[in-house]
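Examining the three-dimensional arrangement
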Amino acid sequence: MRFIGDYEAKADAKGRVFLPAAFRKQLEKADEQRLILRPDLFQPCLVLYPESLWNEMLDALRERLSAWNGEHRAVMRQFVADAEVVELDGSGRLLLTKRKMAYAGIRQDVRFLAVDDHIEVWDRAACESQLAAGEAELGERLQALMDV
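Owing to the predicted nature of the structure, the values given are computational and were not obtained by experimental measurement.

Rules behind the numbers
- Residues numbered from 1 in each chain as written.
- Predicted model: local features only at pLDDT ≥ 70, side-chain atom pairs only at ≥ 80, totals over all residues.
- Heavy atoms only, no water.
- Helix = DSSP H or I, 4+ residues; strand = E, 2+ residues; numbered from the N terminus.
- Buried < 20%, exposed > 50% of the residue type's maximum accessible area, 1.4 Å probe, protein only.
- Contact = heavy atoms within 4.5 Å.
- Areas by Shrake-Rupley, 256 points an atom, 1.4 Å probe, with all protein chains shown as cover.
- Lys, Arg positive; Asp, Glu negative; His and termini not counted.
- Charge placed at Lys NZ, Arg CZ, Asp CG, Glu CD.
- pLDDT = per-residue confidence, 0-100.
- Phe/Tyr/Trp six-rings, centres within 6.5 Å; stacked < 30°, edge-to-face > 60°.
- Pairing = 2+ DSSP bridges.
- Axes fitted to C-alpha atoms, helices over the stretch in contact; angles between N-to-C directions.

This part takes up the overall build of the chain. When helices and strands are counted, the chain shows six helices and eight strands. For the chain, the α and β elements follow one another from N to C terminus as β-β-α-β-β-α-α-β-β-α-β-β-α-α. With respect to the three principal axes, the spread of C-alpha positions in the chain is 45 × 45 × 30 Å. Sorting the 148 residues of the chain into buried and exposed places 32% on the buried side. Of all intrachain contacts in the chain linking residues separated by at least 6 positions in sequence, the fraction that spans at least 24 positions is 57%. Accessible area of the chain: about 9,500 Å², with a carbon and sulfur share of 52%. The centroid of the 21 positive side-chain charges in the chain is displaced by 6 Å from the centroid of its 26 negative side-chain charges.

Despite not being glycine, Asp 31 has its phi angle at roughly 60°, a positive value. For Asp 31, the position within the fold is in the loop between helix H1 (21-29) and strand S3 (35-39). Exposure remark for Asp 31: the relative accessible area of 56% places this residue in the exposed category. Its identity as a non-glycine residue notwithstanding, Asp 116 has a phi of 65°, on the positive side.

Another aspect to go through is the confidence of the model for the chain. Of all residues in the chain, 99% attain a pLDDT of 70 or more, and the chain-wide mean is 92. When the elements of the chain are averaged for pLDDT, helix H6 (residues 138-145) gives the smallest value, 83, and strand S4 (residues 46-50) the largest, 97.

Further remarks concern the packing of aromatic side chains. Across all of its chains, the model carries four aromatic pairs by this definition. Between Tyr 7 and Phe 23, the ring centres sit 5.1 Å apart and the planes meet at 90°, which makes this aromatic pair edge-to-face. In this pair, Tyr 7 is assigned in strand S1 (residues 6-10) and Phe 23 in helix H1, connecting sequence segments 16 residues apart. Members of the aromatic cluster, connected to one another through ring pairs, are Phe 3, Tyr 7 and Phe 23.

Here we come to the sheet that holds strand S7 (residues 109-115). Taken together, six strands build an open sheet; the order of strands is S1-S7-S8-S4-S3-S5 and the sheet is antiparallel. Edge positions in the sheet fall to S1 and strand S5 (84-86), since each of these pairs with one other strand and no more. Pairwise comparison of adjacent strand axes, ignoring direction, gives a mean angle of 30° for this sheet. Of the strand pairs in this sheet, S4 and strand S8 (residues 118-123) are connected by three bridges, and their pairing is antiparallel. By the bridge assignment for S8, Leu 46 is matched with Val 121.

In structure tokens, the structure reads:
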């Protein structure tokens, strides 16, 4: 599954926010009922993974880790500890916990950014700042990555 789009929404006082309809339709079409939400590893945002992708990621991680290695167990523990299952309510809303919102700096204005097979959930202003900072260098980065 590949997501495309960039949408804005507002979180209510309880942290509920509507998942954009385009994403909901894609998830329904793929028969994905549940999402996994966790803080991003590299940016101050949250990441929504379809449950099937999350399971694939965990399987790939498990293949590289040894249950007999303390460092490996700590990596797995930390990776899954901050993850939570998210199900949409009947109105298509998901709940962002206060802890997750604080991590991402989300107050009310939310930006959903499709990034291939997952969705990033940002504070709107932070997302705009992050995208603007990398925009000027994007062409050069792509050129270097693609060895052109």
